[in-house]
Amino acid sequence: QVQLVESGGGLVQPGGSLRLSCAASGTIFNINTRNWYRQAPGKERELVAIITSGEISNYADSVKGRFTISRDNAKNTVYLQMNSLKPEDTAVYYCNFKKFNGMEYWGKGTLVTVSS
């Protein structure tokens, strides 16, 4: 089992920044991708950013150039740096790990609210 705990959410003004963290514990091996998803009120959950085991990252078009995913292997932590935040970035952000065997794990989420 893999346990994921997100932190760093909160209220921020438009144009501001936040850094989300995802602390992982448990059987953290054979991880294919480490991912951030988000779900806005009334909308489906969407993939925001992904970082592969080979350190390749990719982003949803809506956040490219503003968000950066990174990982600290020593701390078993994945980060999502979010800059130039917009009201439409308001959502619950979830950390997700996918293993090579198809198993996947989710955190409980952290709320990000972008509002003046």
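Within each chain, residues carry numbers counting from 1 in the order of the written sequence. Where local features are concerned, this predicted model is filtered to residues with pLDDT of at least 70; where side-chain atom pairs are given and counted, the filter is 80 or more; whole-chain, interface and lining totals use all residues. Water and hydrogen atoms play no part in the side-chain values, which are based on all heavy atoms of the structure.

**Concerning the overall build of the protein**
Thought 1: For the protein, the helix and strand inventory stands at zero helices and 11 strands.
Thought 2: Helix and strand assignments come from DSSP, with helices taken as H or I runs of at least 4 residues and strands as E runs of at least 2, each series counted from the N terminus. Seen in sequence order, the protein has helices and strands lined up from the N terminus as β-β-β-β-β-β-β-β-β-β-β.
Thought 3: Computed over C-alpha atoms, the radius of gyration of the protein comes to 13 Å, within 12% of the 13 Å expected from 2.2 N^0.38 for 116 residues, which places it in the range of a compact globule.
Thought 4: Dimensions of the protein, computed from the C-alpha atoms along their principal axes, are close to 40 × 25 × 25 Å. It is over C-alpha atoms that the radius of gyration is taken, and the globule rule equals 2.2 Å times the number of residues to the power 0.38.

**Comments concerning the pairing of strand 11 (residues 110-114)**
Thought 1: Only protein chains enter the accessibility calculation, which uses a 1.4 Å probe; a residue is then buried when its area is under 20% of its type maximum, exposed when over 50%, and partly exposed in between. Of the two faces of strand 11, only one is covered, namely that formed by Thr110, Val112 and Val114; the face formed by Leu111 and Thr113 stays uncovered.
Thought 2: Bridge count for strand 2 (residues 10-12) against strand 11 is three bridges, and the pairing is parallel. Bridge pairing links Val12 to Val114 in strand 11.
Thought 3: Two strands pair when backbone bridges link them, and strand 9 (residues 91-99) and strand 11 are joined in this way by three bridges, in the antiparallel orientation. By the bridge assignment for strand 11, Ala91 is matched with Val112. Strand pairing is assigned whenever DSSP identifies at least 2 bridges connecting the two strands.

**Observations regarding the pattern of salt bridges**
Thought 1: By salt bridge we mean one thing: a side-chain nitrogen of Lys or Arg within 4 Å of a carboxyl oxygen of Asp or Glu. One pass over the structure, following the stated rule, counts six salt bridges.
Thought 2: The closest approach of N and O atoms between Glu46 and Arg38, which form a salt bridge, is 2.7 Å.
Thought 3: What makes Glu46 partly exposed here is its relative accessible area of 34%.
Thought 4: Residue Arg71 is joined to Glu55 by a salt bridge in which the shortest nitrogen-to-oxygen separation is 3.5 Å. Placement of Arg71 in strand 7 (residues 67-72) and of Glu55 in the loop between strand 5 (46-52) and strand 6 (57-59) is noted, with a sequence separation of 16 residues between them.
Thought 5: A single network of salt bridges, built from pairs that share partners, joins Arg38, Glu46, Arg66 and Asp89.

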